[in-house]
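Below, each chain spelled out in residue letters.
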Amino acid sequence: MTASSDTLDTVSQLLGDLIQEHNIDPDLSLLDTGKLTSLTSMNLILAIETSYCIRIPNHELTRQNLTTLRSLAVMVDRVRAQS
């Protein structure tokens, strides 16, 4: 599954607002570069849930889904499709 460009843009904007850094490469490892810490990841998930009026199930909160902006956007699209 691929992420829609709208979802990718929104997730990128939400993370950028949280860490005060925009234009992040969608395939950059957010975890390995320290851009996504445990606190930032929880704040980002809350922002995504609020923005899309969804609840992301705990089983979706995996390292694989949180690694890049693209993987986050794919997860959001998948959760939205199941809602």
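Residues numbered from 1 in each chain as written. Predicted model: local features only at pLDDT ≥ 70, side-chain atom pairs only at ≥ 80, totals over all residues. Heavy atoms only, no water.

A. Quick look at the pattern of salt bridges. Per the stated rule, a full pass over the model turns up four salt bridges. With a closest N to O distance of 2.7 Å, R70 and D27 form a salt bridge. Residue R70 is located in helix α4 (residues 69-82), and its partner D27 is located in the loop between α1 (5-19) and α2 (38-52); the two are separated by 43 residues in the primary sequence. Close ionic contact of R78 with E60 constitutes a salt bridge, the shortest N to O distance being 2.8 Å. Residue R78 is found in helix α4, and its partner E60 is found in the loop between α2 and α3 (63-66); the two are separated by 18 residues along the sequence. Residue class for E60 comes out buried when judged on its relative accessible area of 5%. (Salt bridge = Lys/Arg side-chain N within 4 Å of Asp/Glu carboxyl O. Helix = DSSP H or I, 4+ residues; strand = E, 2+ residues; numbered from the N terminus. Buried < 20%, exposed > 50% of the residue type's maximum accessible area, 1.4 Å probe, protein only.)

B. Geometry of the packing of α1 against α2. Running from N to C, α1 and α2 cross one another at 135 degrees; their axes reach a closest spacing of 10 Å. What the angle tells us is that α1 and α2 run oblique. Once α1 is placed against α2, the crossing between them reads as right-handed. Contacts from D6, T7, T10, V11, L14, L15, L18 and I19 of α1 reach α2 at T40, N43, L44, A47, I48, S51 and Y52. Partitioning the contact of α1 with α2 into residue classes produces nine nonpolar, five polar and one charged. (Axes fitted to C-alpha atoms, helices over the stretch in contact; angles between N-to-C directions. Parallel < 35°, antiparallel > 145°, perpendicular 65-115°, else oblique. Left-handed = near helix turned anticlockwise from the far one by under 90°. Contact = heavy atoms within 4.5 Å. Nonpolar A, V, L, I, M, F, W, Y, C, P; charged D, E, K, R; others polar.)

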